[in-house]
Amino acid sequence: MIDESQESIDPFREYLANKKDDDFPPLEAIKLMPPSQAILILDDYIKCNPGDDEALTIRGLKHWSLNHRKEAINDYLTALKINPNSRAKMALQLANSVLDYYNKDLLNP
């Protein structure tokens, strides 16, 4: 029986074994990969496709899930420059609401 960690690594191993310079898995498949693996693939993908706002948004979401806040926000902002109606708009709003949140009780005991 294959455990979940092995199952999630298989698409990445397959990608690395068969990778050509401009050959990338579909973005839908990248979304399902663990964040650290997806980011490596998306870094290469974005170098070849710098105008793909969806790829930047996905990479931003993966960075956010690893607590790489600065990188995530930079990806969202870049995606919004490319396409002002990108999904990155909502992701950036959510990121800002998380960063703006604070608990007054913790600040004033």
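Overview of the structure. (Residues numbered from 1 in each chain as written. Predicted model: local features only at pLDDT ≥ 70, side-chain atom pairs only at ≥ 80, totals over all residues. Heavy atoms only, no water.)

Let us look at the environment of Lys 62. If you trace the backbone, Lys 62 turns up in helix α4 (residues 53-65). Those residues in contact with Lys 62 that sit more than four places away from it in its chain are Ile 30, Lys 31, Met 33, Pro 35, Ala 38 and Ile 39. Engagement of the side chain of Lys 62 in a polar contact is seen with the backbone oxygen of Met 33, the distance being 2.7 Å. (Helix = DSSP H or I, 4+ residues; strand = E, 2+ residues; numbered from the N terminus. Contact = heavy atoms within 4.5 Å. Polar contact = N/O pair within 3.5 Å; in protein donor to acceptor, adjacent residues only side chain to side chain.)

A few words now on unusual backbone geometry. Positive phi is not limited to glycine here, since Asn 67 has a value of about 65°. Mapped onto the secondary structure, Asn 67 falls in the loop between α4 and α5 (69-82).

This paragraph deals with the nonpolar core. Within soluble globular proteins, side chains that are nonpolar tend to cluster in buried spots. Counting 22 residues, the largest nonpolar core has Leu 27, Ile 30, Leu 42, Tyr 45, Ile 46, Ala 55 and Tyr 76 as its most contacted members. Counting residues per element, the ones that place at least two in this core are α2 (27-31), α3 (35-48), α4, α5 and α6 (88-100). Setting aside its immediate chain neighbours within four residues, Leu 42 contacts Leu 27, Ile 30, Ala 55, Ile 58 and Arg 59. (Core = buried A, V, L, I, M, F, W, Y, C linked by side-chain atoms within 4.5 Å. Buried < 20%, exposed > 50% of the residue type's maximum accessible area, 1.4 Å probe, protein only.)

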